[in-house]
Amino acid sequence: MPPKPPRRAAAGASEESVSPGRHDYRDADFVLLCQSLKVGENVNERAWKIWESVSEVFNEGVVLDAIRKYWGICIFIAAVDLNAVSFTQTELQKTLDLNMTEFLQLLKKMDVNLDTVSTKVNSVALKLEKKCLVFTALFEKFKRASSETTKPVVKICWITFLLATGKLLQMEDDLVLSFQLLLCVLEHFIKISPSAFIKEPYRTTANSIISSGPSRSSRRSQNRIIQTGNSTEVDPRVMEILCQENECNVEEVKNIYLKSFLPFLDNLKIPSTNGFPAIESLSRQYEELYHKNKDFDGRLFLEHDKTLQIDPEERYELESTPRKLHTEDGHTVIPPQTPVRTAMNTIQQLQMILNTADDKPSNTLEAYFNNCTVNPTTGITNRVEYLGQKFRENFAQAVGEGWAEIGSQRYKLGVRLYYRVMESMLKSEEERLSVHNFSKLLNDATFHGSLLACAVEVVMTTYGTTWNITLTSDIQTETDLSFPWILRVFDIKAYEFYKVIESFIKAEPTLSREMIKHMERCEHRIMECIAWQMDSPLFDILKQQKEQEDQPDQPEPTSTLKQPLQHNHTAADLYLHPERSPQKKGFSTAHAVPMQQAKVETPSAGQSQPQSQSQQKPQKSTSLSLFYKKLYRLAYLRLNTLCNHLHLPSDHPQLEAIIWTLFQHTLGNEYELMKDRHLDQIMMCSMYAICKVKNIDLRFKTIVTAYKDLPNTSQETFKHVLIKEGQYDSIIGFYNLVFMQRLKTNILQYASTRPPTLSPIPQVPRSSFGFPSSPLRVPGGNNIYVSPLKSPYKTDGLLSPTKLTPRTRILVSIGEPFGSPERFQKINQLVSSSDRHPKRAGDTGSLPKPLKRLRFDMDGQDEADGSKHLSGESKLLQQKIAEMTSTRSKMQEQKLKDGNGGLKREEN
């Protein structure tokens, strides 16, 4: 349906608005909407062009009110792209009658073309969503600390918090920092409020402060600047209770209170009555800030306004504060975690481990240092101090100038973890190599910088991750301090950082499963794009290898793809052995290490025998070889996942192998195409090229639509692709202008009668760093899966809270009423004791999360999980399942005889 003919603008329209006569080609209602949002002519024109490009999709059978909402989204897109936003987010949502979730859904739906919604708009929308989710969680926490009988005080307190975050925090979407600031605000108002307004246990403590010190009126009249400078005048008792109740570090909150919150109060300059700031003046200051930021109005949380509501299926699982309940059988039940409590609990567990660690090298580490030919102590301590200063400065720049000390505290935890992991690594190397002198490794600046960066990244992720606990899944979203921020701060190249990740994880057993997944994701991001940036040393290494005599063009031969990835590489191998000797026939493919530290440059045991220098062939890079092995496995797994989303294996069984051959050839021989680009861009172009040459109708839009549903993807990957220096286009532009031009000859070979030989499919393990947590297929069973027994807390070192949902907390007994969980526990023990081992190799991609229920697949189940080779315990498990199935069948037959007609219910 074409746009309706233009209508005359309503009478009384503002004379300052653009005359509707200039918009003869536009709908009059659209013009009025632009006027109500006070947008300029440039935004008006751009928004209408956006609407024209998508109107065919949304116009048919849609009522005017719905079209008006789409118009509003077009105006938002145009205004953000042109840096000409004249309205706040709340004003836009109220004008369109949309809550936050509806707005975001319409924005996503509007992106019918690759370039309708730019990456800039996506970034703004994501930040809005994150901030809204964070403040929703914080307001739920705030409500439980307030009382309905003190609404005026509650309002003043909440607006003070909104104003404080806006003025003090550059990262308002950081859950932990915002919550710690909220505790400061609560502490201040608890101490100045009348006793009747305060809940226990804070009332008794506040009363004791008044009775043991000067009156509140005299304390309030004191010069706050003096109070800021003297921490002894800030009574810690209320703060300690607040932090204890919320599992928050009191020293961190106290530091924020003294260094940030009290100076904020000093500069507030708002008249007060009985110690409380005047609500009108306070609200006016926030109003100015809110309009300046073009943000949502956080005051509307107090009114439960629709614009800030999140739909039930999208919102947090905002439960009341969890309590430990003891049931009749003595079991402890812990209800689902709230976002704030989950974050606080995770931080607390990390602090419990590191608070007892040393800020300096232990006696064991000092012994290792003293055994070195060149003692590394001075270099290590100087580096720690220098990088600590850089970290403090960059943290304050990212968060806010008043938060530098908080950055120092987090860095200190990272240093403790750094020394702890270093000691563990050296003990492992000493046991493996039977040597005591690690002089070359311990004097390697790149190794130390990468190891310290890895330790600090663990701490920063523990603090900085926003935990969005929804009804269906756990989602972790990043903040401005997320990886690879630490690489920029420490000036560490991603290719060097990747060398230490696997060894770090093996050396620190207390890392939670979530943290291991995060470090695995860091490694994947390095292989996907970060290591391929223009200034990466990877390209110099590739160039050197290609120039070596008798070396193949490919960094890693395709013959190794079918071989299992060796897991005996350590950081010492990768930093001290940049090269390895060529493999001789009959020798192991594993990269062995020298037996003596002093001979680190000699060929490894189990490889080439000692030879004269003139007889040796050019050496290949160990670190590069491992990098490419992991890269190929990640690349194939992502391709396989995308193919499955598009149902290509069922429609065209041989197509995936052909696409993989072109994909692998490009990565191995045309790696210059990866410079400042992303692995997935090459993958999508390879898929489109093969489908094109094979006359299979698969359009880029279809590929991109499926790609957006894959885990760990960004729209920027297909919307913002480098064409040449300083010029970017969509994935289609990259294919036409770059990819096809570079690979045209190779692509056309696949249409000939003698196409290229297919590349072997890499052997991809089920997991990489993580522990086995996905449902296991019962060996020999017919599509039967068993999940590990869930508990409220994981027990693998650093405790990480889980949650029980309506889906996961129900246990179903098949065939017989067990009466207790012991029988299920026995089955889980059998599964856990089978020959599956934790994998920590980091060579696979991220598959879609398995469904949290028993899964019944189609025929042709993949046997790569080793089901053809049953252990004795696996056979026992299979026998037990068979017995349960047989029992159920007999029960069904008996019930049919009794006339019941089937099972009445499933036992819980």
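Residues numbered from 1 in each chain as written. Predicted model: local features only at pLDDT ≥ 70, side-chain atom pairs only at ≥ 80, totals over all residues. Heavy atoms only, no water.

1. Examining the packing of helix α20 (residues 445-464) against helix α22 (residues 494-507)
Across the interface, α20 lies against α22 with an axial gap of 9 Å and an inter-helix angle of 60°. Viewed along their axes, α20 and α22 adopt a mutual orientation that is oblique. Crossing geometry of α20 relative to α22 is assigned as right-handed. Between α20 and α22, the contacting residues are T446, F447, S450, L451, A453, C454, A455 and V458 on the first element and E496, F497, V500 and F504 on the second. In terms of residue class, the contact of α20 with α22 is built from 9 nonpolar, 2 polar and 1 charged. (Axes fitted to C-alpha atoms, helices over the stretch in contact; angles between N-to-C directions. Helix = DSSP H or I, 4+ residues; strand = E, 2+ residues; numbered from the N terminus. Parallel < 35°, antiparallel > 145°, perpendicular 65-115°, else oblique. Left-handed = near helix turned anticlockwise from the far one by under 90°. Contact = heavy atoms within 4.5 Å. Nonpolar A, V, L, I, M, F, W, Y, C, P; charged D, E, K, R; others polar.)

2. A short note on the pairing of strand β7 (residues 721-724)
Summarising the sheet, β7 and strand β8 (residues 727-729) pair through 3 bridges and their orientation is antiparallel. Note that in β8 the partner of V721 across the bridge is D729. (Pairing = 2+ DSSP bridges.)

3. A few points about helix α1 (residues 28-36)
Counting buried residues in α1 gives 7 out of 9 residues, a clear majority hidden from the surface. Looking at the buried positions of α1, the neighbouring elements they touch are α2 (41-58), α3 (64-81) and α4 (89-96). Between the side-chain oxygen at the start of α1 and the backbone nitrogen of D29 there is a gap of 2.8 Å, and the oxygen is on D27. (Buried < 20%, exposed > 50% of the residue type's maximum accessible area, 1.4 Å probe, protein only. Polar contact = N/O pair within 3.5 Å; in protein donor to acceptor, adjacent residues only side chain to side chain.)

4. Things to note about the environment of F301
For F301, the location among the structural elements is in the loop between α14 (279-293) and β3 (325-326). Relative accessible area serves as the criterion here: at 6%, F301 is assigned to the buried category. Note: C-alpha distance between F301 and F139 (162 residues apart in sequence) is 7.2 Å. In this structure, F301 is in contact with C132, F135, T136, F139, W158, F296 and L308, ignoring residues within four places of it in sequence.

5. Re the nonpolar core
Residues F490, F627 and M687 are the most contacted members of the largest nonpolar core, which totals 231 residues. At 13 residues, helix α8 (residues 175-192) tops the list of elements feeding residues into this core. (Core = buried A, V, L, I, M, F, W, Y, C linked by side-chain atoms within 4.5 Å.)

6. Some thoughts on the confidence of the model for the protein
Do not read the fine detail of predicted coordinates wherever pLDDT is low. Confidence in the prediction of the protein, expressed as mean pLDDT, is 75, and 64% of residues score 70 or more. For residues 1-23, every residue scores under 50 in pLDDT, and the model assigns this stretch 26 contacts once sequence neighbours within four places are set aside. A low-confidence stretch, residues 467-476 (pLDDT under 50), is modelled with 44 contacts involving residues beyond four sequence positions or located in other chains. (pLDDT = per-residue confidence, 0-100.)

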